[in-house]
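Spelled out from the first residue to the last, the chains are:
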Amino acid sequence: MMAVSVRPVVLSILLQGDTYGYQIIKRVSGLSGGAMEWAAGSLYPVLHKMRTEGLIEAYWVQEEGARKRKYYRITTKGVRALAKEKQQWLTMHHVLTQLWDVEPRLT
Amino acid sequence: MAYDAPRPNAALGRGTPFNLEHAIATWRRFMASTHALIADDMDELESHLREEIEEALASGKAPSVEAAYHYAVRRIGDFATVDEAYRHVFWDKIFYDNLLLRELHWRTLMLRNYLKTTFRGLKRRPAFSLINIFGLALGMTACLLIARYVQHEWSYDRFHVHAEQIVRVNTHTDLGPEHESAATIALYGPMLEEALPEVLKSVRLQKASFSIVQDDRRFEDIPILFADTTLFDVFSFDLQRGNPATALSEPFSLVLTQEAARRHFGSADPIGQTLNVNGEVDATVTGVLAPIPAASHLAFDMLVSMSTSQQVNAWLFNNWYSTQFHTYLLLPENADQAALQTKLHALVQQRAASDLLNRYPNYHLALEPLLGIYLFSDKIAQIGPTGNRTYLYLFTVIGVFVLLIACINFMNLSTARSAERGKEVGVRKMVGAQRIQLGGQFLSESLLLSFLAVGTAALLFHLMLPFLSGFMGKDLSLTSQDYMYGLGFLCVLGLGVGVLSGSYPALVLSSFSPISVLKGRLESSMRGTGLRRVLVVFQFGISIALIAATLVVFAQLRYLAEQPLGFDKEQLLLIDFPGNAVGAQSSERAKAAFLQHPAVQQATASLTSPMGEGFGRWNITVENVSGDMQEASIPNYPIDFDFLDTYGIDVVAGRPLSESYQTDFTEALIVNEAAVAHFGYARPEDILGKRFETWPRGGTVVGVIRDFNFQSLHESIAPLTMRYLPSQYGTLSLRLNTANLGETMQDLEGIWKSLKPDFPFSYQFLDDTFAAQYARDQALGNLFTIFAALAIFIASLGLFGLATFTIQKRTKEIGIRKALGASSTSITVLLSKDFVKLVVISFVVGAPVAYFGMQSWLDTFAYHISVSPLLLGLAGGLAILIALVTVSTQSLQAATANPVEALHID
């Protein structure tokens, strides 16, 4: 399940710093305790789409002794979009936790 | 279904060391096969892949590099999902990164590859492709040629700016439909224009023919029209040189067409020059017309001012009976013709001479629209030839059918062939070809064929148009603008046909799962067979009908040629005897001179020959059986005393005209048997001695002749009268001994020159005149031959496609039969039997159509054969023969194929 959750996750990760696709997948896997294993072939197209929407930018980095990697950086537009997404998700979370009678636990 | 990346070393077997770089390179090539991934994406994915491999090795998840590689590849995702995901964002990327140009370049390359593969595909079966292209091209060309002819015929007189407002005045005497005439007297033109405000302008035309003498050259039978000055107001005959207001005012003024100007004056300016007319008077050229479109019911070489005719034939212009003119009126836009018609009735009743109205109580004038004249007018005394609407409808139907059949054939053959390629499709799908790619391949092949056919058709049409013009005797050339339209239409048609015929394999074949296709299971395409069989029956049915029609036409023509005519038409030479006031002396002298030649057995003078032109109807009153003077309008034939003898016409009652009787010079009349019946007499003897009255004077009937065919055999023999009237002679008829004809003709020419040195020796054999009568029917026969050949060819194409397909389906069956000992012959027979059955069915379909169609054509002849079953059978037999030949190539090939190959399990 990728779909609509990808954007806020990716934007949030990039907000904390530029990174590349492989790292993003690993980070998500770690954060979810292995529950969310994104497939690379599915993630990258989404990244490209977000790029064409102007939410993120891409640039190649060739470090000494390391292989070429394509890094992504969040843009101002992306930051604003993230803020909006955050609002929506928190609202949703608030509603669901009440309905499911779960102890609210904000990160 | 999930397709994994290829396992590069699996084929090499165990024991080969794993090469990571090699593996990654292969993987990359595989991924790159989808156009959705650009190089940048490949780099990103490769980078990701390597990270995964490193991680897997480092964390111990994979025991070896090879294992790590496969693990990493799996983690990326299966090809189909990846491909689809990337496709999703493909175009956004292109536009965002401005890669459009590169994208177009790539697509152009792909297109070029498509074309290359398409050509290769076509070259694999060159005969098939050529036949396919040619069949479609032929159908298109035939349709275009027919369309051009039909368009030409429907466009008559439309070039006149005021075409919708022009009407012709017809004279109705209501003695019968043969008495509705397109001609009127001279008085009505100006009268109507003056008396009726709705008539803006009127113009009178009078047809005649001139001989022109210029220096020492002589031109005979030049068709001219006398015309009022108002001609240029009513019709759109533009003057290139000269003033329309004055060109036709003065007497003896000539306005030349382009052809006439060129003929008489070359490139010099003809204005002001003179030409001698009929050896009598000089006329001055006052204008030259701009080129006139060929589609005009008014045909002429020169226009002459009406004032000329008024001066020379003054008596025609205040005469209530001489209907020698064609009157046209220019009305305002959207004029109420019915109201005008009523006014016209009133006017005629008011102004016409009383004796005219007394003679013909139902006498009235009627208006006929200009645009209806060429194709819809059934009046007599037309100013020019009229077209035949029935033929046009027939041709249109044929044209549409031919095109339809050709297109259907094309689609049939293309799909029949594509079914063979099921295996190719299966294999390509296995290696990951997309539906769109495959479909596109089929579509582009079919479009290419289709457009090649379009190109061929355009070329063929251009080449054949002059032939069609000659064949039909009309100028059918096109402007470049017309060509543009035609080409546009063809391209649209080509596109449609190409898409339609490509879409079946594109959609159907490419959607099959590759396994079933490879195994040869194409059941759903068997559905197509039923439709194809129906089409083949239809096509052959049409072919058989056309072949039968052709046979009938030629049989009828031969029958006509063998018909006894009631006179002896062999070895009769007809010589044009020119001049107006010929007189008895002149003709007797000529006859005597010719009779001196040993080869000339008999000679006579008359107005014209039987079946010649000039058989005008004259008003005559004859005492009928009740004793009343009965009015009739029947052909009156001026002859001399030797005519009946020379032509071998029998006298059945009374006596022939003879110089022994003084009254025969002025007061005697000969009638034929049909005339006897027309006036109510039971026996020919009864009419002898009865009175008749006509111009110039009356007399009594002295003889009755046996009916003979003086018109074409389309007509039954009508009533005919004959008398001695030397002032009307126009033809000298000589019965010749045709031995040494060449010498004889030279001698006769010499004799002619001594008699009439100023006139050309213009002659024709009666047999040729006879043949010319049926020129139209002969042309119809030729046309049917062409159409029949075309139809059979196209039908054979259709059958060929069907045969190819169905025989191929039965390959296994044939293999088994052969293996069980059947001979090649028996198999060929078995395969062909099916198709012969189809042709038999189409015979049942086509024969009745031919029968009824040709029977109604034959009914237009008073003398005709009937459609015999033999003819129909012949047509059917021919069709079966052709079908067998068509099918034999395929069935023979299949029957002689190696059964081992046929039974090979794949």
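Residues numbered from 1 in each chain as written. Chains lettered and ligands numbered in written order. Predicted model: local features only at pLDDT ≥ 70, side-chain atom pairs only at ≥ 80, totals over all residues. Heavy atoms only, no water.

Caption draft 1: Molecular detail of the overall build of chain A. Helix and strand content of chain A: four helices and three strands. The secondary structure elements of chain A, listed N-terminal to C-terminal, are α-β-α-α-β-β-α. Residues classed as buried in chain A amount to 38% of the 107 residues present. Of all intrachain contacts in chain A linking residues separated by at least 6 positions in sequence, the fraction that spans at least 24 positions is 47%. (Helix = DSSP H or I, 4+ residues; strand = E, 2+ residues; numbered from the N terminus. Buried < 20%, exposed > 50% of the residue type's maximum accessible area, 1.4 Å probe, protein only. Contact = heavy atoms within 4.5 Å.)

Caption draft 2: Inspection of the pattern of salt bridges at higher detail. With the rule as written, the count across this model stands at 36 salt bridges over all chains. The partner of B:Asp97 in a salt bridge is A:Arg51, and the shortest N-O contact between them spans 2.7 Å. In this pair, B:Asp97 sits in the loop between α4 (79–96) and α5 (100–124) while A:Arg51 sits in helix α3 (residues 40–52), so the two residues belong to two different chains. A:Arg51 gets classed as buried once you look at its relative accessible area, which sits at 11%. In this structure, B:Arg351 and B:Glu194 form a salt bridge, with 3.7 Å as the shortest nitrogen-oxygen distance. Residue B:Arg351 is located in helix α11 (residues 337–351), and its partner B:Glu194 is located in helix α7 (residues 188–195); the two are separated by 157 residues in the primary sequence. One connected set of salt bridges, linked through shared partners, spans B:Glu21, B:Arg28, B:Asp43, B:Glu46 and B:Arg50. (Salt bridge = Lys/Arg side-chain N within 4 Å of Asp/Glu carboxyl O.)

Caption draft 3: Quick look at a nonpolar patch on the surface. Residue and element names in this part refer to chain B. Together, Trp91, Phe95, Leu100, Leu101 and Leu104 make up an exposed nonpolar region whose accessible area comes to about 530 Å². Where the nonpolar patch is concerned, the elements lending two or more residues are α4 and α5. Considering each element in turn, the nonpolar patch owes the most residues, three residues, to α5. Along the chain, the position of Leu101 falls in helix α5. (Patch = residues over 30% accessible without salt bridge, like charges linked within 9 Å, V, L, I, M, F, W, Y side chains within 5 Å. Areas by Shrake-Rupley, 256 points an atom, 1.4 Å probe, with all protein chains shown as cover.)

Caption draft 4: Spatial organisation of the confidence of the model for chain B. Residue and element names in this part refer to chain B. Scored by pLDDT, chain B comes out at a mean of 82, with 90% of its residues at no less than 70. No element of chain B has a lower mean pLDDT than helix α18 (residues 514–518), which averages 54, and none a higher one than strand β10 (residues 326–330), which averages 94. Here residues 522–526 scores under 50 on pLDDT; set against residues more than four positions off or in separate chains, the count is eight contacts. (pLDDT = per-residue confidence, 0-100.)

Caption draft 5: The arrangement of the interface of chain B and chain A in detail. Each side of the interface is counted separately: chain B has 22 residues, and chain A has 22 residues. Between chain B and chain A the total buried area reaches about 2,100 Å² when both faces are included, carbon and sulfur atoms providing 52% of it. If you sort the residues of chain B by the area they bury against chain A, B:Glu44, B:His48 and B:Glu51 come out on top, with a joint share of 28%. For the interface between chain B and chain A, the tally reads eight salt bridges. (Buried area = accessible area lost by both parts, 1.4 Å probe.)

Caption draft 6: Spotlight on the environment of B:Ala32. All names here are of chain B. With respect to the helices and strands, Ala32 occurs in helix α1 (residues 20–32). Ala32 sits in the partly exposed class, given a relative accessible area of 42%. Spatially, the C-alpha atom of Ala32 lies 7.2 Å from that of Met42, the residues being 10 residues apart in sequence.

Caption draft 7: Just the pairing of strand β6 (residues 253–256) of chain B, in detail. Residue and element names in this part refer to chain B. Burial of β6 is two-sided: the residues Ser253 and Val255 facing one way and the residues Leu254 and Leu256 facing the other way are all buried. When β6 meets strand β9 (residues 302–305), the two strands line up antiparallel, connected through three bridges. Each residue of the ladder has a partner; that of Leu256, found in β9, is Met302. (Pairing = 2+ DSSP bridges.)

Caption draft 8: Region of the structure containing the packing of aromatic side chains. Summed over all chains, the structure comprises 29 aromatic pairs over all chains. Linked through ring pairs, B:Phe159, B:Phe235, B:Phe237, B:Phe300 and B:Tyr328 together constitute an aromatic cluster. Taking NZ or CZ as reference, A:Lys68 lies 4.7 Å from the ring centre of A:Trp60, over its face. When the ring centre of B:Phe219 is taken as origin, the NZ or CZ atom of B:Arg263, which lies over that ring, is 5.7 Å away. (Phe/Tyr/Trp six-rings, centres within 6.5 Å; stacked < 30°, edge-to-face > 60°. Lys NZ or Arg CZ within 6 Å of the ring centre and 35° of its normal.)

Caption draft 9: Structural view of the packing of α1(B) against helix α2 (residues 39–59) of chain B. Residues and elements named next belong to chain B. Contact geometry for α1 and α2: axes closest at 11 Å, N-to-C directions at 140°. With respect to each other, α1 and α2 are oriented oblique. Here α1 runs over α2; the crossing is right-handed. On the side of α1, the interface is formed by Leu20, Glu21, Ile24, Trp27, Arg28, Met31 and Ala32, while α2 contributes Ala39, Met42, Asp43, Leu45, Glu46, Leu49, Arg50 and Ile53. (Axes fitted to C-alpha atoms, helices over the stretch in contact; angles between N-to-C directions. Parallel < 35°, antiparallel > 145°, perpendicular 65-115°, else oblique. Left-handed = near helix turned anticlockwise from the far one by under 90°.)

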